[in-house]
Amino acid sequence: MASKRSVGSAFQAIASSLCELGITTEAKKKDDDTSQKEQRFNNHVQEFFQNVWQAQPAIFRSCQDASLDKDCPLFKAVNMNWNDVAQMLHHCRDSSSHAPLFFQNGNPITDPTTTYANNPHAAYLDGCSIIVNHADFHHPIIANLCSSLQQTFPHVYANTYLSPPDSHAVNAHADDRDVLVVQLLGSKTWKVYRKVPIQYPFENEQVGKNGLDVDPSVFAGGLCFDDKEITLSAGDVLYMPRGFVHEASTHTHKATISTTNESIEPSFHITLALATHDWCMASILSDTIRKTLIDNPEFRKALPIGPCSEYGGSRCEADGFLKQQLDGALSLIKANVTSELLHEQLTNKYAMHNSRADELRQNINNRKRPRQDQREDDCVGYHAACRLTLNSLVRASSTEERNSVVLEEGRLRGLTVREETMQSLMTIIGLMKEELSLQIRVGDLRNITTADESICSNPLVCDFTLLSFARCCVELGAMAVVT
């Protein structure tokens with residue numbers, strides 16, 4: 001048997017952080033003695049699997065501070081910025097298998113092509129939350145984080161959630177997998193309900209999804225973490241076993257929005273999925289038994305049970321045949337299905353998933369091919385927009401540049417923007433058109449003028465709003481990149 005690997009640095013950093021348990025109140029103190037840190041890592045990982053794993057939610061605070069190594073994949077993930085988020089969204093935008101999903105306060109956008117031309121930045125400006133499934137296939141930092149966690153867990157994949165202020169992506173629900181929620185940018189408020197409606201659910205048992213309602217008794221049963229909502233800030237990690245009903249939002253009090261002059265960041269977090277429903281005895285045993293039986297042609301035949309006696313004989317005859325078949329199947333299973341075989345099947349399953357994931361996580365940037373109608377030196381259009389960062393310089397486009405952008409058939413040149421930011425963003429583009437010589441950094445668009453306080457004083461016009469607006473304007477030809 002292969003020797004066990006050491007726990008990956010990413011989970012060591014998580015497990016050694018200050019911990020708040022969801023069901024019982026307990027805190028873990030940090031030990032500043034560097035010489036004892038490695039031992040503390042091992043102890044805390046052991047405590048996690050003994051007292052938390054599959055039993056109760058837990059929060060690990062400021063996990064990046066617990067890393068001794070700045071090259072730790074968790075430390076690097078927590079230090080992602082809005083340019084990294086934009087890069088990931090661009091990479092997955094035209095993906096045939098993992099295109100971004102758009103939700104507006106719990107409701108899915110069913111036709112994102114017509115509504116937003118599949119542009120996540122356009123959807124974000126309209127108040128949508130953006131979900132990217134298997135984000136580890138679209139950004140190397142997230143890929144490395146999953147790979148590090150696979151030194152602790154059998155297999156890990158990542159979904160990301162970007163939510164604008166005063167919104168929520170999906171309604172209260174439970175999942176069929178354990179998750180580690182890593183808050184990277186902004187903050188988010190969570191409700192984790194104490195009552196678990198279905199213990200260790202499978203895919204078809206996820207309440208709050210696919211028409212399966214959450215029983216009202218779950219909401220009446222109170223919350224974990226001393227019956228309180230919890231807020232995750234950058235670097236915080238929430239562990240949640242499968243089956244716990246939860247919901248999250250970035251809802252901001254209207255009074256706060258109207259009085260603050262500081263921009264309010266959206267929330268961006270990674271949900272690291274641990275597919276525990278696929279790792280349990282019920283799953284692996286049923287898979288192994290099925291494979292064992294179908295390898296024998298005798299158990300592939302249709303059973304003689306039908307609507308008429310000619311099909312299979314009398315009920316007594318059918319029952320006798322069934323008993324004979326059952327006895328034979330049980331003997332075959334008893335002779336062939338062993339604990340060693342189950343162990344082998346499960347480790348083979350892990351290896352298959354990890355091999356496929358590793359292949360897709362490698363050379364991420366090489367898998368994104370530019371559109372054929374774009375050139376590297378373009379200052380307007382799709383290709384120019386995808387290069388844009390908060391540090392890029394932009395200007396108003398010329399009539400010739402604007403007319404050079406050819407849109408897909410049926411696509412409108414305008415944008416749909418949420419009401420709270422529409423006036424501020426329209427003011428920005430209007431002022432740029434008035435002053436054609438102006439060249440300004442994307443991150444400074446909020447301060448384009450002090451004369452119009454509708455921009456400077458609007459806290460919802462944050463860095464990512466500006467970056468999304470600039471990318472959309474460049475793609476549509478209203479702004480140009482200064483090359």
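Calculation criteria
Residues numbered from 1 in each chain as written. Predicted model: local features only at pLDDT ≥ 70, side-chain atom pairs only at ≥ 80, totals over all residues. Heavy atoms only, no water. Salt bridge = Lys/Arg side-chain N within 4 Å of Asp/Glu carboxyl O. Buried < 20%, exposed > 50% of the residue type's maximum accessible area, 1.4 Å probe, protein only. Pairing = 2+ DSSP bridges. Helix = DSSP H or I, 4+ residues; strand = E, 2+ residues; numbered from the N terminus. Contact = heavy atoms within 4.5 Å. Axes fitted to C-alpha atoms, helices over the stretch in contact; angles between N-to-C directions. Core = buried A, V, L, I, M, F, W, Y, C linked by side-chain atoms within 4.5 Å. pLDDT = per-residue confidence, 0-100. Disulfide = S-S within 2.5 Å. Phe/Tyr/Trp six-rings, centres within 6.5 Å; stacked < 30°, edge-to-face > 60°. Lys NZ or Arg CZ within 6 Å of the ring centre and 35° of its normal.

(A) Examining the pattern of salt bridges more closely. Scanning the entire structure with this criterion turns up 17 salt bridges. In this structure, Asp295 and Lys291 form a salt bridge, with 3.5 Å as the shortest nitrogen-oxygen distance. Its salt-bridge partner being Arg418, residue Glu420 comes within 3.2 Å of it at the nearest N-O pair. A relative accessible area of 11% places Arg418 in the buried class. Three or more residues are tied together by salt bridges with common partners; here these are Glu20, Arg61 and Asp236.

(B) Just the sheet that holds strand 13 (residues 393–396), in detail. Ordered in space as 14-13-15, the three strands form an open sheet in which the pairing is antiparallel. Of all strands in the sheet, those bounded by a partner on one side alone are strand 14 (440–441) and strand 15 (479–481). Of the strand pairs in this sheet, strand 13 and strand 15 are connected by three bridges, and their pairing is antiparallel. Within strand 15, the residue paired with Ala396 across the bridge is Met479. Packed on one face of the sheet, helix 17 (residues 419–434) meets strand 13, strand 14 and strand 15 and runs near 75° to strand 13.

(C) How the structure looks around the nonpolar core. Counting 88 residues, the largest nonpolar core has Leu74, Leu272 and Met479 as its most contacted members. For this core, the element with the highest residue contribution is helix 19 (residues 463–476), accounting for eight residues. Ignoring any residue separated from it by four or fewer positions in sequence, one finds Leu272 in contact with Leu145, Cys146, Leu149, Val156, Tyr157, Ala158, Asp178, Val179, Leu180 and Val182. Among the nonpolar cores identified, the runner-up in size contains 14 residues, and Ile59, Val181, Leu232 and Met240 belong to it.

(D) Geometry of the environment of Phe299. Relative to the elements of secondary structure, Phe299 occurs in the loop between helix 11 (281–294) and helix 12 (309–312). The spacing of Phe299 and Gln325 is 26 residues in sequence and 7.8 Å in space, taken between C-alpha atoms. Setting aside residues no more than four positions away along its own chain, Phe299 makes contact with Leu293, Gln325, Gly328, Ala329 and Leu332.

(E) Looking closely at the confidence of the model for the protein chain. On average, residues of the protein chain score 86 in pLDDT, and 86% of them reach the 70 mark or higher. Here residues 25–42 is a poorly scored stretch, pLDDT under 50, and it has 31 contacts once near neighbours within four places are set aside; other chains count.

(F) Region of interest: the state of the cysteines. Scanning the entire structure with this criterion turns up zero disulfides. No disulfide involves Cys63; its sulfur sits 9.3 Å from that of Cys19, the nearest cysteine.

(G) Layout of the sheet that holds strand 9 (residues 230–232). With respect to topology, three strands assemble into an open sheet ordered 9-8-11, the strand pairing being antiparallel. The strands lining the two open edges of the sheet, one partner per strand, are strand 9 and strand 11 (246–249). Here the average twist between neighbouring strands, direction ignored, is 30°. Note that strand 8 (residues 188–192) and strand 9 share three bridges and pair antiparallel. Considered in strand 9, the bridge of Trp190 is made with Ile230.

(H) Expanded view of the packing of aromatic side chains. A full pass over the atoms with the stated rule returns 16 aromatic pairs. Consider the rings of Trp53 and Phe153, whose centres lie 5.5 Å apart with planes at 40°: the pair is tilted. One end of the pair, Trp53, is in the loop between helix 2 (37–52) and strand 2 (58–61); the other, Phe153, is in the loop between helix 7 (140–149) and strand 6 (157–163), and 100 residues separate them in sequence. With respect to burial, Trp53 and Phe153 carry one shared label: buried. The interplanar angle of 85° and the centroid separation of 5.0 Å between the aromatic rings of Tyr124 and Phe464 together place this pair among those described as edge-to-face. With Tyr124 in helix 6 (residues 120–125) and Phe464 in helix 19, this residue pair connects regions lying 340 residues apart in the sequence. By relative accessible area, which is 2% here, Tyr124 ends up buried. Chaining the aromatic ring pairs together yields one cluster made of Phe11, Phe48, Phe49, Trp53, Phe60, Phe153 and Tyr239. A cation over an aromatic ring shows up here: Arg242 above the ring of Phe202, its NZ or CZ 5.5 Å from the ring centre.

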